Amino acid sequence: MPSAHDWIHNPLGVIEGMFVQNNSNPEWQKKVVDYFKDKLTAKQAQTWVPSLNDVPLHYLKPNSLVKFRCLIQDMFDPEFYMGVYEAVDPATKSKSLKCGKYKDVTECLQVEFNSRNSVTSERQTFYCVPIPGESSWVKECHARSSQAQVIPSTSYTPNRHKRSYDEDDDMDTQSQRPRDSNTGSQSSGDSQRNGDSKRQETEAPSSNTTTTQSCTSPLDLNYPLPEEQGPACLVKVYEDWDSFKLNDTIEVFGILSVDPSLGGVAEEKEPTSLLDPMESMETVEEQRAHSPPPSLVPRLHMVYALPLQHINPLLPSAASEDKTAFVTSFLSELGSIRSEFLDYLTHILLGDALAAEYLLLHLVSNVYARRDVLPLGKFTLNLSGCALSATYTEHLYRIIQHLVPSSYRLPMSLHNMNSMRMVPRKDYVANRLVSGVLQLASNTSLFLDETQLEQGQLDAAGVRNITALGNLISWQKVDYDFNYHQMEFPCNINVLVASEGRSLLPSDCQVHLKPQLAPPNLGEFLGAIQAAQAPSQMNRYRLYLSVTRRMDYSISEEVTKAVEEDFVEMRKDDPQSMTAEDLHRMLVVSRLLSLSFGQTTLSTDVWMKTKHLEMLRMSRIQQQKSVNGHEP
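Residues numbered from 1 in each chain as written. Predicted model: local features only at pLDDT ≥ 70, side-chain atom pairs only at ≥ 80, totals over all residues. Heavy atoms only, no water.

Novice: Sorry, what's going on with the overall build of the chain here?
Specialist: A tally of helices and strands in the chain yields 18 helices and 19 strands. The proportion of buried residues among the 632 residues of the chain is 54%. Of the contacts made within the chain by residues no fewer than 6 positions apart, 78% connect residues no fewer than 24 positions apart. Here the chain displays about 27900 Å² of accessible surface, and carbon together with sulfur accounts for 51% of that area. (Helix = DSSP H or I, 4+ residues; strand = E, 2+ residues; numbered from the N terminus. Buried < 20%, exposed > 50% of the residue type's maximum accessible area, 1.4 Å probe, protein only. Contact = heavy atoms within 4.5 Å. Areas by Shrake-Rupley, 256 points an atom, 1.4 Å probe, with all protein chains shown as cover.)

Below, the structure is given as structure tokens:
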């Protein structure tokens, strides 16, 4: 008798059973999709499925259902596979139709390639990596909530003779051993859905890295960030692949495939192997990039995918029935949480309450819309005056890292600026998109540490990197390098620039840090403040940021008129004292200030508070100019 969780432990058996019963009905494939969707949207059912993010690969049973929280780093061209094939029993010579969907290799039966009953189908392949810069508290929270039962599977060895059932136009020849199933056209590499990409896990991204070096590395997993860990996956997509975009964050539920026959290149196979013409035209670099060993890059056949609007595991998912009640309850506590959070940030910023206000607003900010090329809602903060000690910025980043779901600190040393690969580029030899540091998930916090920048000369690569950072800050876009042209990819990255004086990069707002405390040991002081926060309190802060960022906001006609009149009044005595740019910044600050209080519309009180904060900030900058004799 099948167990209650056969759909997890033996999904291919469930699918085969549905195929046998309904293969004459073209709707059988939709029934499979609906079946797994119904199972996975049941309450807590997703926690029963083992995760590749939490469980080592050798602990997972091949051909079982697993999930993977990831970013779509690259998109291959569609490939062809045998959706339905006719198998021949060698002993009895009897024939039967088999389902080839959600698999890479056939069973041990012989395949009748000349059968008129065979059906060639099409699928898409995504190269997916763990969400770049995902915080440790997010990983731990997911691991604690898992109810999956896994059994070590290190003794697994295939005991069946397996072969892939990829096919080309010439299907009348039968192979006697397995071969790679990744086939199909790989021509239009300039589209955002094309190209494969892998970068050595342990290497620092460098513009001088050659294609051959990056392709031959056994750890060539093409993570956007250096020192990233976790598995990469080739995700096979069967339905609605046009609904996915490059750099989307998704949680994939799929059937795990790790058959050893999936790795390797054409030159390593026996001459008798059936090779598709398209495969013979691939370079060795392309074959290595598209057919990595499944022990490093397992295959995952998607049966269901959940787009991730956010990656905070503390906030109920959009599909949760409890989300509305949860948010309503949380909003009732928002005022007290904001006060506690502001007090925490003030201590972290050594008693500077004004800088703490602006840091809070920065953490709440989010690109909520675009008007033509202008991203609305971004609030890049330049926190100057941060050269308090050699390690202050590092401590500050670690504290922010414990608050946000994903982040990355980029020390802007001369070496990093001249050597790091910021912008993803197309590698036409390996037909892949080589990742860069700026290929990040939406809502990632990017901490640019300008205090690390020393005197020296930026080379051509360094200038390009600085330009890329400036474009990211100003336009929330990254121009990917396709050699012959650039392709623009919009993004939503929260950028905080920590500097000694005014940053050389653009920003939406500069606040000069003015410490009120001078602890003898800065590291111990900040560590003690962080340690004093109970885990439950930290979770309240994390929820506060996620909830406020996702709230709607509007300005009534009455308040809009009052703001316009106020703007005219402020310009009356000195038109140069208040520009249109100043008004835009004040409107952004007032929006973020309203959201930080849990208000979805601008009130007169918040507008007055905005004016007061801006007055204090500008006054401090003018004072610093006077002290330094130049702009900080």
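Novice: Before we go on, may I ask you to explain helix α11 (residues 392–401) in this structure?
Specialist: An α-helical segment advances 3.6 residues per turn. Residues three or four places apart therefore align on the same side. Of all the residues in α11, the buried ones are Tyr392, Thr393, Leu396, Tyr397, Ile399 and Ile400. One side of α11 carries all its buried residues, which in axial view fall inside an arc of 160 degrees. (Arc of directions from axis to C-beta.)

Novice: Hey, could you run me through the pairing of strand β15 (residues 445–449) in this one?
Specialist: Regular strands have side chains that alternate between both faces of the sheet. Within β15, five of the five residues are buried, which leaves it mostly tucked inside the rest of the structure. Along β15, one buried face is formed by Ser445, Phe447 and Asp449 and the opposite face, lined by Leu446 and Leu448, is buried too. Sheet topology places strand β12 (residues 407–411) next to β15; five bridges connect them, and they run parallel. Counted as the bridge partner of Ser407 is Ser445 from β15. Strand direction decides the pairing type here: β15 and strand β18 (residues 494–498), joined by five bridges, are parallel. Bridge pairing links Leu446 to Val495 in β18. (Pairing = 2+ DSSP bridges.)

Novice: Please clarify how the packing of helix α16 (residues 557–573) against helix α17 (residues 580–596) should be interpreted in this entry.
Specialist: The relative placement of two packed helices is expressed as an angle between their axes plus a distance between the axes. It is the contact of α16 with α17, at a shortest axis distance of 12 Å, that shows an interaxial angle of 140 degrees. Comparing the axis directions of α16 and α17 gives the class oblique. In the packing of α16 onto α17, the handedness of the crossing is right-handed. Residues Val563, Phe567 and Met570 of α16 form the contact with α17, whose own contacting residues are Ala580, Leu583, Met586 and Leu587. (Axes fitted to C-alpha atoms, helices over the stretch in contact; angles between N-to-C directions. Parallel < 35°, antiparallel > 145°, perpendicular 65-115°, else oblique. Left-handed = near helix turned anticlockwise from the far one by under 90°.)

Novice: Would you mind showing me how to read the sheet that holds β18 here?
Specialist: As summarised here, the arrangement of the five strands in space is β12-β15-β18-β11-β19, forming an open sheet in which the pairing is parallel. Only two strands of the sheet have a single partner each, and these edge strands are β12 and β19 (509–512). In this sheet, adjacent strand axes meet at a mean angle of 20 degrees when their direction is disregarded. Two elements, strand β11 (residues 381–384) and β18, share three bridges in a ladder whose sense is parallel. Its bridge partner being in β18, Leu383 is matched across the sheet by Ala498. Sheet strands touched by helix α10 (residues 353–364): β11, β18 and β19. Its angle to β18, the strand with the most contacts, is close to 150 degrees.

Novice: What should I look at first to understand helix α2 (residues 11–22) in this one?
Specialist: Along its twelve residues, α2 runs 16 Å from first to last C-alpha, staying within 8% of the 16 Å computed at 1.5 Å per residue. Residues of α2 that are buried: Pro11, Leu12, Val14, Ile15, Glu16, Met18, Phe19 and Asn22. (Expected span 1.5 Å × (residues − 1).)

Novice: Would you explain the environment of Pro519 in this entry?
Specialist: Mapping Pro519 onto the fold places it in the loop between β19 and α14 (522–531). Between the alpha carbons of Pro519 and Leu350 there is a distance of 8.5 Å; along the sequence they are 169 residues apart.

Novice: How should I be thinking about the pairing of strand β5 (residues 119–130) in this particular structure?
Specialist: Most of β5 is tucked away, with nine of its twelve residues classed as buried. Bridge analysis of strand β1 (residues 65–75) against β5 gives five bridges, and the strand direction is antiparallel. Looking at β5, one finds that Cys70 is bridged to Pro130. Alignment of strand β2 (residues 79–88) against β5, held across five bridges, turns out to be antiparallel. Residue pairing across strands places Phe80 opposite Glu122, the latter belonging to β5. The pairing of β5 with strand β6 (residues 233–237) spans five bridges and is antiparallel. Within the sheet, the bridge partner assigned to Thr125 lies in β6 and is Lys236.

Novice: Would you mind showing me how to read a nonpolar patch on the surface here?
Specialist: A cluster of nonpolar residues, Val373, Leu374 and Trp475, forms a patch on the protein surface that exposes about 270 Å² of accessible area. On the secondary structure map, Leu374 appears in strand β10 (residues 374–376). (Patch = residues over 30% accessible without salt bridge, like charges linked within 9 Å, V, L, I, M, F, W, Y side chains within 5 Å. Salt bridge = Lys/Arg side-chain N within 4 Å of Asp/Glu carboxyl O.)

Novice: Help me out: how do you make sense of the nonpolar core in this one?
Specialist: Nonpolar side chains tend to gather and get buried jointly when the protein is soluble and globular. Judged by nonpolar contacts, the single largest core of 62 residues is most densely connected at Phe341, Tyr344, Leu349, Tyr358, Leu403 and Tyr544. It is α10 that contributes the most residues to this core, nine residues altogether. Look past the residues within four positions of Leu403 in its chain and what remains in contact with it is Trp137, Phe341, Tyr344, Leu345, Leu363, Met538, Tyr541, Arg542 and Leu545. Counting residues in each nonpolar core, the second largest holds 51 residues, with Leu52, Ile72, Phe244 and Leu246 among its members. (Core = buried A, V, L, I, M, F, W, Y, C linked by side-chain atoms within 4.5 Å.)

Novice: Explain the side chain of Gln124 here, please?
Specialist: Relative to the helices and strands, Gln124 is located in strand β5. When its relative accessible area of 3% is taken as the criterion, Gln124 is described as buried. Within polar-contact distance, the side chain of Gln124 engages the backbone oxygen of Phe76 at 3.0 Å. Setting aside residues up to four positions removed in sequence, Gln124 forms contacts with Phe76, Asp77, Pro78, Val235, Lys236, Val237 and Trp241. (Polar contact = N/O pair within 3.5 Å; in protein donor to acceptor, adjacent residues only side chain to side chain.)

Novice: Explain the environment of Asp427 to me, please; I cannot follow it from the model alone.
Specialist: Turning to its location among the elements, Asp427 is positioned in strand β13 (residues 425–427). Residues Asp427 and Glu286, 141 residues apart in the sequence, show an inter-C-alpha distance of 9.5 Å. Looking at Asp427, its side chain comes within polar contact range of the main-chain nitrogen of Val429, at 3.0 Å. Within the local environment of Asp427, its side chain forms a polar contact with the backbone nitrogen of Ala430, the two atoms lying 3.2 Å apart.

Novice: Help me understand the packing of aromatic side chains, please; the structure alone is not making it clear to me.
Specialist: To describe a pair of aromatic rings, you give the distance between the ring centres and the angle between the ring planes. One pass over the full model with this rule turns up 13 aromatic pairs. Aromatic pair Tyr102 and Tyr238: ring centres 4.8 Å apart, planes at 55 degrees, arrangement tilted. One end of the pair, Tyr102, is in the loop between β3 (95–99) and β4 (110–111); the other, Tyr238, is in the loop between β6 and β7 (249–257), and 136 residues separate them in sequence. Across the pair, Tyr238 and Tyr102 agree in class, each one buried. Look at Phe341 and Tyr544: their rings are 5.8 Å apart centre to centre, the planes differ by 65 degrees, and that puts the pair in the edge-to-face class. You can see Phe341 sitting in helix α9 (residues 334–348) and its partner Tyr544 sitting in helix α15 (residues 535–549), a full 203 residues away along the chain. (Phe/Tyr/Trp six-rings, centres within 6.5 Å; stacked < 30°, edge-to-face > 60°.)

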